[in-house]
Amino acid sequence: MKRRSRIATALTAVATLALTLTACSGSSGGDDDTLTFLSWSGEEVMGPVVKQFEKEHPDIKVEVSYAPPVAEYIQALQTRVLSNTAPDVFVIAAENKTNLIEGKHVVDLAAEPWMSTIPEFNQKTYSSGDAVYGASTSTWGAGIMYNEELLAEVGADGVPATWDDFLALCQELKDAGITPYLEDLSQMPTIVSSFVGAKNASEGFGMDAAIFDGTSSFEDEWTEPLTQFNRLYAEGLGDPNTVGLTGDQVFDEFANGRVAMITSGPWNVTPLKEAAPDMKFAIAPIPAAPDGDPYLAGAASPGYAINAKSDKIEQAKTFLEFLVSAEGVEAFQKLSADITVTSDFQPTVDPSLDAIVEDVRAGNVYLPMIAWTRSEDVLNVEAVAQIQQMVQGTVTPQEAAAALDQKLASS
């Protein structure tokens, strides 16, 4: 789930991208032996995987379009679905799964034998009833990525296990003239997801169901997690101007040694090693909020899905069978550094991920947009907007949580 550019820039990019993608051949066009595929992963990762598939299946060609996550991809796919030019194969994600499933835009994959290697956690994420609509081969988990040398300057050898101690470390770093922490706030903050996920786990995983059936509320459940997250900004340890930073800018600050800690996950390991080959770094779970436990933001990674209106469904299934095979997963994992979870392939994971890999592979991660049972798209937009206002001091944590209740009631 890479952090991307701010909304204003993204909208311009989406408009251009949507026109470009619509011009590509869709499910009803193209040659009989050509599949169309809209990829969430970039060409540097997916291109070689597709070439390997085509080499082994010379009778099937794959025409690939690329759209970066998250907002750009969701909008690009929606544009094509609504105009009946959706590709034969595309990616189903947390942000669009309900619309795709309820709109009957995706094929049920539950009966396919090759789905058996995908864990229940990943299948359930993209399921409805007994049907499974996405082949998700990875799980992502995000924690605190930290520069070991900068932390050592204040005598710390890692990220503390508790939020109070984490804030104390941020203060020590700030006092030493080191920017302690940055996070891209154009999407749901990783720390908020972690705090809410830990609370959900402590309550027997029933929190979201209670919110959506009306026996609880966002105000009841989210006010405290938001209050704890907001301490970063209320106590002057985080910079409210990060509302204007893109994920790429946050990454660049970290790669250039100008910030000690950011929220991140496996997707940034390879780019960081390329950008800062001498840096010593690792990723730790998000520290535990008071009365909680350390937890990871995360979810089953977006899954491969087949367009229900495609006239090449059998060829598309052949393509997906390769993508979820040990060979296909290995080819993808080598380039993406994802923590893959299929039962017939054991990924070699970078040592910087050692502290999170076990929980990630076990599915001990949480993302609100996955847990929400309806209106996750509009709720996510509202949550991000409210959190941005909160860190800038224009709304309180309680007001931000209450606004989510209002949005849910009206959606």
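Here the structure is shown first, and the text comes after it.
**A look at the packing of aromatic side chains**
Here's step 1: The final tally for this structure, using the stated rule, is 14 aromatic pairs.
Here's step 2: With 5.8 Å between their ring centres and 70° between their planes, Trp-140 and Trp-267 make a pair best called edge-to-face. Residue Trp-140 is located in strand β6 (residues 139-147), and its partner Trp-267 is located in the loop between β8 (261-264) and α12 (269-275); the two are separated by 127 residues in the primary sequence. Each of the two residues, Trp-140 as well as Trp-267, counts as buried.
Here's step 3: A connected cluster of aromatic rings, assembled from ring pairs, spans Phe-37, Phe-53, Tyr-304, Phe-319 and Phe-322.

**Considerations on helix α7 (residues 163-175)**
Here's step 1: A rise of 1.5 Å per residue sets the reference length of α7, with its 13 residues, at 18 Å; its end C-alpha atoms lie 18 Å apart and thus fit the reference within 8%.
Here's step 2: Taken residue by residue, α7 has Trp-163, Phe-166, Leu-167, Leu-169, Cys-170 and Leu-173 as its buried positions. Angular distribution of buried residues about the axis of α7 spans 155°; they occupy a single face of the element.
Here's step 3: Packed against the buried residues of α7 are β6, α6 (148-152), β7 (181-182), α8 (190-202), α10 (218-234) and β8.

**Section: the packing of α7 against α10**
Here's step 1: The N-to-C vectors of α7 and α10 enclose an angle of 10°; their axes lie 11 Å apart at closest approach. Relative to α10, the element α7 lies roughly parallel. The residues of α10 that touch α7, namely those facing Trp-163, Asp-164, Phe-166, Leu-167 and Cys-170, are Gln-228, Phe-229, Arg-231 and Leu-232.
Here's step 2: Looking at the contact of α7 with α10 residue by residue, the class counts come to six nonpolar, one polar and two charged.

**Examining the pattern of salt bridges**
Between side chains of opposite charge, a pair can form as their charged atoms come close.
Here's step 1: Enumeration over the complete set of coordinates arrives at 10 salt bridges.
Here's step 2: One salt-bridge network, in which partners are shared between bridges, spans Asp-164, Arg-231 and Glu-235.

**Examining the pairing of strand β10 (residues 296-300)**
Here's step 1: Counting buried positions along β10 yields five of five residues, so the element is predominantly enclosed.
Here's step 2: The sheet contact formed by β6 and β10 spans four bridges and is antiparallel. Across the sheet, residue Ala-142 finds its bridge partner in β10, namely Ala-297.

**So, unusual backbone geometry**
Here's step 1: Cis geometry is adopted by the peptide bond preceding Val-70, which originates at Pro-69 and carries an omega value of 0°.
Here's step 2: By the element assignment, Val-70 lies in the loop between β2 (61-66) and α3 (71-82).
Here's step 3: Positive phi, close to 65°, is recorded for Phe-205, a residue that is not glycine.
Here's step 4: By secondary structure assignment, the location of Phe-205 is in the loop between α8 and α9 (207-213).
Here's step 5: A positive phi angle, near 55°, is found at Ser-375, a position not held by glycine.
Here's step 6: Topologically, Ser-375 is positioned in the loop between α16 (368-371) and α17 (376-391).
Here's step 7: Given a relative accessible area of 18%, Ser-375 falls into the buried group.

**Examining the side chain of Asn-96**
Here's step 1: For Asn-96, the position within the fold is in the loop between β3 (89-92) and α4 (97-102).
Here's step 2: Leaving out residues up to four positions away in the same chain, Asn-96 has contacts with Tyr-73, Ile-74, Leu-77 and Val-91.

**Quick notes on α3**
Here's step 1: With 12 residues, α3 extends 16 Å between its outermost C-alpha atoms, agreeing within 8% with the 16 Å of an ideal straight helix rising 1.5 Å per residue.
Here's step 2: Within α3, the full set of buried residues consists of Glu-72, Tyr-73, Ile-74, Ala-76, Leu-77, Arg-80 and Val-81.
Here's step 3: Positioned one or two residues after α3, Asn-84 has a phi angle of 60°, which is positive.

Quick notes on the rules
Residues numbered from 1 in each chain as written. Predicted model: local features only at pLDDT ≥ 70, side-chain atom pairs only at ≥ 80, totals over all residues. Heavy atoms only, no water. Phe/Tyr/Trp six-rings, centres within 6.5 Å; stacked < 30°, edge-to-face > 60°. Helix = DSSP H or I, 4+ residues; strand = E, 2+ residues; numbered from the N terminus. Buried < 20%, exposed > 50% of the residue type's maximum accessible area, 1.4 Å probe, protein only. Expected span 1.5 Å × (residues − 1). Arc of directions from axis to C-beta. Contact = heavy atoms within 4.5 Å. Axes fitted to C-alpha atoms, helices over the stretch in contact; angles between N-to-C directions. Parallel < 35°, antiparallel > 145°, perpendicular 65-115°, else oblique. Nonpolar A, V, L, I, M, F, W, Y, C, P; charged D, E, K, R; others polar. Salt bridge = Lys/Arg side-chain N within 4 Å of Asp/Glu carboxyl O. Pairing = 2+ DSSP bridges.

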